[in-house]
Amino acid sequence: MKQTIRFIVNPISGVGKKNYIPDLIENYLDHSKFDYDIAFTEYKLHAKTLAKQSSEEGIDIVCAVGGDGSVHEVGTALIGTKTKLAILPVGSGNGLARHLKISMNIREAIECINNSKSIAMDTVLVNEKSFLGVGGYGFDAVVAKRFDTHRRRGLWGYIQLILREFFRFNPINASIDIDGKIKTLPVVLLTVANSSQFGNGFTISPKSDVTDGELELVVLRPFTIWSAPLIVYRFFTKRSDTSRFSEIIPFKTAKLKLSKKIAHYDGEPCDVKDEINVSVVPKSLNIIIGN
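If you're wondering where the values come from, they're calculated on a predicted model, not measured in any experiment. (Residues numbered from 1 in each chain as written. Predicted model: local features only at pLDDT ≥ 70, side-chain atom pairs only at ≥ 80, totals over all residues. Heavy atoms only, no water.)

## Observations regarding the packing of aromatic side chains
Summed over the entire model, instances satisfying the criterion amount to seven aromatic pairs. On the numbers, 5.9 Å between centres and 85° between planes, the contact of F7 with Y36 is edge-to-face. With F7 in strand β1 (residues 3-9) and Y36 in strand β2 (residues 34-40), this pair connects stretches of sequence that are 29 residues apart. Classification of F7 by relative accessible area gives buried; the value is 0%. Ring geometry for F198 versus F202: centroids 5.7 Å apart, planes at 20°, classification stacked. One aromatic cluster is present, built from ring pairs that chain together F198, F202, F235 and F236. (Phe/Tyr/Trp six-rings, centres within 6.5 Å; stacked < 30°, edge-to-face > 60°. Helix = DSSP H or I, 4+ residues; strand = E, 2+ residues; numbered from the N terminus. Buried < 20%, exposed > 50% of the residue type's maximum accessible area, 1.4 Å probe, protein only.)

Following this line, the structure appears as C-alpha cells:
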C-alpha cells in the first residue's frame, strides 16, 4: 500500500523562486511508494495550519520545503502525532537538515524520502512554545529578529546583518538555574541546543544529539574583538567547546531569567516571559533523515 505525502512549499524562503520544485518532485519521487500532493503557503504560520490539517487527515508524511522557519512551523505541528516530518532544504541556513545529514541537493534530498530512513527525535518545550533544533537568547536572537524583516535573504544577508549588529550589541545578563545550581553572568550567546548548528556549517554545539534525551546550554561570555576571528573559526570547525570563552552544559530541565527579553526558536524571533522554563521532550517527533 502506498504512503501519502504532502509537500508544503514556502515560495519565499531562501533565495530564488521555487517554481522548479514541483517538477523535481514529479521526476524523482518514487511513485511506486508514494501518492503526493503539493500545497503552497500564502502567509506566516500557514505552514503550521496546513501541517496540522494534514496530520488530522491521516497523511503519512508532511514535507517542509523551505528553510528552518518552514521546518519549525511544520515540525512543531507534528509533535506527538504519527505523521512523519520530511525536509527539502531550500532556505538560508537549513540547520536541522544539515544536522540530520539531509543533502542540500534537492534531488538527493528527495532520495532520502524515497529511502524513508527515520528516527523519533527529541524536541524542546519552552514554557508553552516548542522548537526542534536550536533556540537562543543573545546575539543570535537579535540577528534573527533583524533577518526576519531583512530584504536580502541567503547567507550573504546573514553575514551583512551579523557584521552590522556585532558592533551595536551589548551583552545581556542571564540567570541560569539547572538542578538548583544557579549562576548569574553576562553572555553574548545563551543557546539551547537540541541539534548541533544554526546553519551553513556554523556549529554551536558539536556533540548535540537529537535522540539522547537531553539538551545542551551553550554559554558564550563576552570577548575582545581580537578574539572574534578565532572564535568564529572554532564554530565553523566544530570546536566551539574548546574556546576559553565558551561553556556547554548538558541538561534536561532549566530555568532562565534574562535582562533582555528576546529570543529565537529555530531562527524564528519571539518575545519571552520573565521566567523561561526549558525542558526536553524525548522522542516526540518522527522525522526522515539522511542516508
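## What about the side chain of H264?
Among the secondary structure elements, H264 is positioned in strand β16 (residues 262-265). Since its relative accessible area comes to 3%, H264 is described here as buried. A distance of 3.0 Å separates a polar side-chain atom of H264 from the backbone nitrogen of G267. Dropping the residues within four chain positions of it, H264 is found in contact with V134, G135, G136, D140, A141, A144, F198 and P269. (Polar contact = N/O pair within 3.5 Å; in protein donor to acceptor, adjacent residues only side chain to side chain. Contact = heavy atoms within 4.5 Å.)

## Comments concerning the pattern of salt bridges
Two side chains carrying opposite charge are able to pair once their charged atoms lie near each other. For the structure shown, the criterion picks out nine salt bridges. A salt bridge links R6 to E57, with the nearest nitrogen and oxygen atoms 3.2 Å apart. Note that R6 is positioned in strand β1 and E57 in helix α2 (residues 46-57), a separation of 51 residues in sequence. With a relative accessible area of 51%, E57 lands in the exposed category. In this structure, D241 engages K207 in a salt bridge whose closest nitrogen and oxygen atoms are separated by 3.9 Å. With D241 in the loop between α8 (228-236) and β14 (246-251) and K207 in the loop between β12 (202-203) and β13 (215-220), this pair connects stretches of sequence that are 34 residues apart. The partly exposed category is assigned to D241, whose relative accessible area is 33%. Residues participating in the shared-partner salt-bridge network are R6, D37 and E57. (Salt bridge = Lys/Arg side-chain N within 4 Å of Asp/Glu carboxyl O.)

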